[in-house]
Amino acid sequence: MRRKIALILAVIFIGVSLSACSSKKEAVSGDVVAVVNGEKITNAEYQQIFNQVKEQIESSPTYTKDIWDKDYQGKKFLDLVKENVLDSLVAQKLLLQEAKKKNITVTDKEVEEEYNKEKQFNSKVTKEQIKDYLIIDKLFAEYTKDVKVTEEELKKYYDEHKESFEIAKARHILVADEKTAEDIYQRLMKGEDFAALAKEYSIDTATKDNGGELGEFPRGVMTPEFEDVAFSLKPGEISKPVKTQYGYHIIQLESITLKPFDEVKATIESYLLHDKKNEVIKEKYDELVKASKIEKFPQNIKVKVS
């Protein structure tokens, strides 16, 4: 579920606060995994969300069964997932309690519309889950309603990150082995025509007949090894052979242009606005945690991954 994923990701940056917020734990049923300001989170609630997260992980093309036992960030991956799911449920409970205090509600129509969208991606989603996430969205909107980005901030970001808005135009010759690449490079250094050699030797069938023309591309599109070299060249300059997963490239940079401020202004604004809103949400959440009584009982979690 898109909103649930977003919430789990949010907990990754706010979850640190949770580790230090438990007060003296009282005796509870073994079916309780956490208590938030007196409200219990049960194993049944936990299992429902864990199963959805597990399903998302297992749907990855790179998934293998041994992932659960692998080390990740100094912990077994299964333990890390269990911890994040618990923190996400605690965060959700806290935020819903706060929303209730602020009389934030959603209509049946809003729930129905979002449910119909989400069930296309997650057949197990419930309307109650949708309702909770919509309420939290509204709480976040309330928190961040006054957040703005000034023109000065936009221009400052643009001036300090101009490299991010560069567009390169280049062509290349791709071959399978280093020796062929080196031979072609030496011939180019002696003045042979780049386009002619690309047509004769390049194994990139999409560009060879065009003399190796790649057209224009921004940063973040090509493989890192290729991009680093392409953007470091001067117009007209030819690189030495560059190895990537596809083979060996010889790159000729034709030009580098900078997108004007007005063209990227909206993108920068969206990025900075998102960043500022996240900061406000984190501050508000930290305040909630400090003012709350949170008890976690991870030893009571019962899940299976096999």
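The rules we used
- Residues numbered from 1 in each chain as written.
- Predicted model: local features only at pLDDT ≥ 70, side-chain atom pairs only at ≥ 80, totals over all residues.
- Heavy atoms only, no water.
- Pairing = 2+ DSSP bridges.
- Helix = DSSP H or I, 4+ residues; strand = E, 2+ residues; numbered from the N terminus.
- Axes fitted to C-alpha atoms, helices over the stretch in contact; angles between N-to-C directions.
- Contact = heavy atoms within 4.5 Å.
- Salt bridge = Lys/Arg side-chain N within 4 Å of Asp/Glu carboxyl O.
- Parallel < 35°, antiparallel > 145°, perpendicular 65-115°, else oblique.
- Nonpolar A, V, L, I, M, F, W, Y, C, P; charged D, E, K, R; others polar.

Some thoughts on the sheet that holds strand 7 (residues 242–244)
Next up, step 1: Pairing in this open sheet of four strands is antiparallel, and the strands run 6-5-8-7 from one edge to the other. Two strands bound the open sheet, and with one partner strand each, they are strand 6 (213–218) and strand 7. The average angle at which neighbouring strand axes cross in this sheet is 45°, direction not considered.
Next up, step 2: Bridging between strand 5 (residues 166–175) and strand 8 (residues 247–258) involves 10 bridges; their strand directions are antiparallel. Bridging from a neighbouring strand, Glu166 pairs with Leu258 of strand 8.
Next up, step 3: Each of strand 5 and strand 8 is contacted by helix 8 (residues 194–201), which is oriented at about 50° to strand 5, the strand it contacts most.

Remarks on the pattern of salt bridges
Next up, step 1: Counted under the stated rule, the structure contains 17 salt bridges.
Next up, step 2: Between Asp69 and Lys76 there is a salt bridge whose closest N-O contact spans 3.8 Å.
Next up, step 3: The partner of Lys162 in a salt bridge is Asp159, and the shortest N-O contact between them spans 4.0 Å.

Points about the packing of helix 3 (residues 77–101) against helix 10 (residues 261–290)
Next up, step 1: Put simply, helix 3 and helix 10 touch, their axes get as near as 11 Å, and they point 90° apart. Viewed along their axes, helix 3 and helix 10 adopt a mutual orientation that is roughly perpendicular. Residues Val90, Ala91, Leu94, Leu95 and Glu98 of helix 3 lie in contact with helix 10, whose contacting residues are Tyr285, Leu288 and Val289.
Next up, step 2: Across the contact of helix 3 with helix 10, the residue classes tally to seven nonpolar, no polar and one charged.

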